[in-house]
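Fold and geometry: a report
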Amino acid sequence: MTGTKTECCCDLCGEELDRGDVCYRLNGLCVCADCLADYARDYFRTALEVIV
């Protein structure tokens, strides 16, 4: 047992984030660094276009 206390969890993957960890607060969500690319891909999905 490390003695750390979970402060919040990533809203995308559920990873527990302890005091001293970092996260992104985006549109009311807590997003861990590992999930940032997935969040951005989903957030910008409507801007994706095929080059012809």
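Coordinates for the structure precede this section.
For every chain, the first residue of the written sequence is number 1, and numbering continues from 1 along that sequence. In view of the model being predicted, local features appear only for residues whose pLDDT reaches at least 70, and side-chain atom pairs are presented and counted only at 80 or more, with totals across whole chains, interfaces and linings using the full set of residues. Side-chain numbers come from the whole structure's heavy atoms, not from hydrogens or water.

Topic: unusual backbone geometry
- The phi dihedral of N27 falls on the positive side, at around 50 degrees, and the residue is not glycine.
- Secondary structure follows DSSP: runs of H or I at least 4 residues long count as helices, runs of E at least 2 residues long count as strands, and numbering of each begins at the N terminus. With respect to the helices and strands, N27 occurs in the loop between β3 (24-26) and β4 (29-31).
- Three labels apply to residues, based on accessible area from a 1.4 Å probe with only protein chains included: buried if under 20% of the type maximum, exposed if over 50%, partly exposed otherwise in between. Owing to a relative accessible area of 62%, N27 belongs among the exposed residues under this scheme.

Describing the pattern of salt bridges
- Whenever Lys or Arg places a side-chain nitrogen within 4 Å of a carboxyl oxygen from Asp or Glu, that contact is recorded as a salt bridge. Evaluated as defined, the whole model comprises 3 salt bridges.
- We note a salt bridge from D38 to R41, for which the minimum N-O separation is 2.9 Å. Placement of the pair is D38 and R41 together in helix α1 (residues 36-43), with a separation of 3 residues, close to one helical turn.
- Given the relative accessible area of 47%, D38 is considered partly exposed.
- Take R41: its relative accessible area is 55%, and that puts it in the exposed class.
- The closest approach of N and O atoms between R45 and D42, which form a salt bridge, is 3.2 Å.

Topic: the packing of aromatic side chains
- Side-chain rings of Phe, Tyr and Trp (the six-membered ring for Trp) are treated as a pair once their centres are within 6.5 Å; stacked means planes under 30 degrees apart, edge-to-face means over 60, and tilted covers the remaining angles. In the structure shown here, the tally under the stated rule is 2 aromatic pairs.
- Considering the side-chain rings of Y39 and Y43, the 5.9 Å spacing of their centres and the 15 degrees angle between planes classify their relative orientation as stacked. With Y39 and Y43 both in helix α1 and 4 residues apart, this pair spans about one turn of that helix.
- In this structure Y43 comes out as partly exposed when scored by relative accessible area, which is 47%.
- Ring centres 4.9 Å apart and planes at 85 degrees place the aromatic pair Y43 and F44 in the edge-to-face group.
- A relative accessible area of 53% places F44 in the exposed class.
- In this structure an aromatic cluster arises from ring pairing among Y39, Y43 and F44.

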